[in-house]
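Given next are the chains, with one letter for each unit.
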Amino acid sequence: MMPAVVIVALLALIGGGAWLYAPDKPRAELEARYAGAPSAFFDVAGLRLHVRDTGPRDAPSVIMLHGLGSSLHTWEPWAQALSDRYRVIRYDLPGFGLTGADQTGADQTGDYTDARGEAVLVALMDRLGVQKASLIGNSMGGKLAWQFAADHPDRVDKLVLISPDGFASPGFGYGKEPKVPAVARVLPYTLPTFLLRMNLAPAYGDPTRLTEDTVRRYRDLMLAPGVRQALLDRTAQVRLQPPEPMLRRIQAPTLLVWGEKDALIPFSNAADYLKVLPHARLVSFPGLGHVPQEEDAARSLVPVAAFLTEPR
């Protein structure tokens, strides 16, 4: 949900003097609050993956992939609405939420590369016995979804990309090592609520829709053991590559969903995707921002649900 530029802005504000010590929260406390039914934990690709898997097991499968700094909870309204017709799977991606840090890297900093993300998704599908699924991804999760569709076309039915990441933006060019400021070292020790709220608000077309419960959930799950360090490790590993060659390989029918008031990944990027995706169309929402599934779940789900029911 929160692109690296937003995290950098948060860190800069912290470095400016807003210091509030915030240790990690105990895992047991967080699991008691955020891992109630239907949550489960599966051993997948060396991770203890936090997963929710609902709906009929013999129904078509839908897998939902959240954005940076978020968790599977971002999908709950959509998941509940779709679970009568689909097997709906969502999980905390490595480095986030109750999955937490990925410690498989040889240097023990965790592996958060695109290749690792795809490998975890393959392993989860195999673990759950899902041969093929439709993928729904937001922001960073949207990038994972379209990369997976390009590399594993036999395992993807349809794609729903919600303001997906992937194209270069000011300060984040192709092939360049990201600049993580030195002040970033304080992130594992602090996370002021008011600064987090300031950086979540631009994700909403109408910031008044951002509730205190939502801010509290984001903060709690970023305080899960190892998550803040994992966020820094992930940011340091990002290497953007021109996305057009991979996008042109995608054969899955694709629905682009974009809030026209997206202040994090601009709505204008939708045109870039439409130029190269062979089987894509766009649905936009004039009043919504970067996370329509949170900001107005009922309204934004309508075209997605209709798309999923269309014959391939």
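What you are looking at is a predicted structure, and each value in this text was computed from that prediction instead of being measured.

Scoring rules and cut-offs
- Residues numbered from 1 in each chain as written.
- Predicted model: local features only at pLDDT ≥ 70, side-chain atom pairs only at ≥ 80, totals over all residues.
- Heavy atoms only, no water.
- Helix = DSSP H or I, 4+ residues; strand = E, 2+ residues; numbered from the N terminus.
- Buried < 20%, exposed > 50% of the residue type's maximum accessible area, 1.4 Å probe, protein only.
- Contact = heavy atoms within 4.5 Å.
- Areas by Shrake-Rupley, 256 points an atom, 1.4 Å probe, with all protein chains shown as cover.
- Phe/Tyr/Trp six-rings, centres within 6.5 Å; stacked < 30°, edge-to-face > 60°.
- Lys NZ or Arg CZ within 6 Å of the ring centre and 35° of its normal.
- Core = buried A, V, L, I, M, F, W, Y, C linked by side-chain atoms within 4.5 Å.
- Salt bridge = Lys/Arg side-chain N within 4 Å of Asp/Glu carboxyl O.
- Arc of directions from axis to C-beta.
- Polar contact = N/O pair within 3.5 Å; in protein donor to acceptor, adjacent residues only side chain to side chain.
- 1 Å grid on protein atoms, 1.4 Å probe; cavity = no way out; pocket = protein on both sides within 12 Å on 5 of 7 lines; lining within 4 Å.
- Points joined across faces, edges and corners; volume = space filled by probe spheres on them.
- Nonpolar A, V, L, I, M, F, W, Y, C, P; charged D, E, K, R; others polar.
- Axes fitted to C-alpha atoms, helices over the stretch in contact; angles between N-to-C directions.
- Left-handed = near helix turned anticlockwise from the far one by under 90°.

Trainee: I'm lost on the overall build of the protein chain in this one. Help?
Mentor: Broken down by element type, the protein chain carries 12 helices and eight strands. Taken across its 312 residues, the protein chain has 56% of its residues classed as buried. A sequence separation of at least 24 residues applies to 77% of the contacts in the protein chain between residues at least 6 apart. As presented, the protein chain carries roughly 12,400 Å² of accessible surface, and 56% of it is formed by carbon and sulfur atoms.

Trainee: What is the right way to read the packing of aromatic side chains from this model?
Mentor: Scanning all chains against the criterion turns up three aromatic pairs. Between the aromatic rings of Trp75 and Trp78, the centroid separation amounts to 5.7 Å while the plane-to-plane angle is 45 degrees, which identifies the pairing as tilted. This pair shows no difference in class: Trp75 is buried, exactly as Trp78 is. Positioned over the ring face of Phe41 is Arg48, at 3.9 Å from the centre of the ring. When the ring centre of Phe307 is taken as origin, the NZ or CZ atom of Lys158, which lies over that ring, is 5.2 Å away.

Trainee: Sorry, what's going on with the nonpolar core here?
Mentor: Counting 60 residues, the largest nonpolar core has Ile63, Tyr91, Leu159 and Ile250 as its most contacted members. Element by element, the count of residues in this core is highest for helix H5 (residues 140–151), at seven residues.

Trainee: So what exactly am I meant to see when it comes to unusual backbone geometry here?
Mentor: Backbone geometry follows two general trends: most residues other than glycine have a negative phi, and most peptide bonds adopt the trans configuration. Note that the residue after Ala37, namely Pro38, is joined by a cis bond; omega there is 10 degrees. Locating Pro38 in the fold gives a position in the loop between helix H2 (27–34) and strand S1 (39–44). For Ser139, which is not glycine, the phi dihedral falls at a positive 60 degrees. Secondary-structure assignment places Ser139 in the loop between strand S5 (133–138) and H5.

Trainee: Would you mind showing me how to read the pattern of salt bridges here?
Mentor: As a working rule, side chains carrying opposite charge can pair if their charged atoms are close by. As enumerated under the stated definition, the model contains 20 salt bridges in all. The partner of Arg197 in a salt bridge is Glu212, and the shortest N-O contact between them spans 2.9 Å. Highlighted residues: Arg197 in helix H6 (residues 193–200) and Glu212 in helix H7 (residues 212–222), separated in sequence by 15 residues. Each of Lys25, Glu29, Arg33 and Asp220 takes part in a single network of salt bridges with overlapping partners.

Trainee: Quick question: what am I supposed to make of helix H10 (residues 269–276) here?
Mentor: In an α-helix there are 3.6 residues to a turn, and that puts residues three or four apart on one side. Inspection of H10 places Asn269, Ala270, Tyr273 and Val276 among the buried residues, and these make up the whole buried set. Buried residues along H10 cover an arc of 140 degrees about the axis, so they all sit on one side. Where H10 is buried, its residues touch H5, helix H9 (244–249), strand S7 (254–259) and strand S8 (280–285).

Trainee: It is not clear to me how the side chain of Arg228 should be interpreted in this structure. Could you clarify?
Mentor: Inspection of the secondary structure puts Arg228 in helix H8 (residues 227–237). Residue class for Arg228 comes out buried when judged on its relative accessible area of 1%. Looking at Arg228, its side chain comes within polar contact range of the side chain of Asp24, at 2.9 Å. Discounting chain neighbours no more than four positions away, the residues touching Arg228 are Ala22, Pro23, Asp24, Leu187, Pro188, Tyr189, Thr190, Leu191, Met222 and Leu223.

Trainee: In this structure, what is going on with empty space enclosed by the protein? I would like to understand it.
Mentor: Unfilled space is identified by rolling a water-sized probe across the atoms. The final tally for this structure, using the stated rule, is one cavity of 30 Å³ or more. Space inside the largest cavity adds up to approximately 30 Å³. Gly69, Ser70, Ser71, Arg217, Tyr218 and Leu221 together form the lining of the largest cavity. Within the lining of the largest cavity, the residues separate by chemical class into two nonpolar, three polar and one charged.

Trainee: What is the right way to read the packing of H2 against H7 from this model?
Mentor: Two quantities define a packed helix pair, namely the angle between the axes and the distance from one axis to the other. Interhelical geometry of H2 versus H7 gives an angle of 145 degrees and a closest axis separation of 10 Å. Here the hand of the crossing between H2 and H7 comes out left-handed. On H7, the residues touching Leu30, Arg33 and Tyr34 of H2 are Arg216, Arg217, Asp220 and Leu221. The class makeup of the residues in the contact of H2 with H7 is three nonpolar, no polar and four charged.

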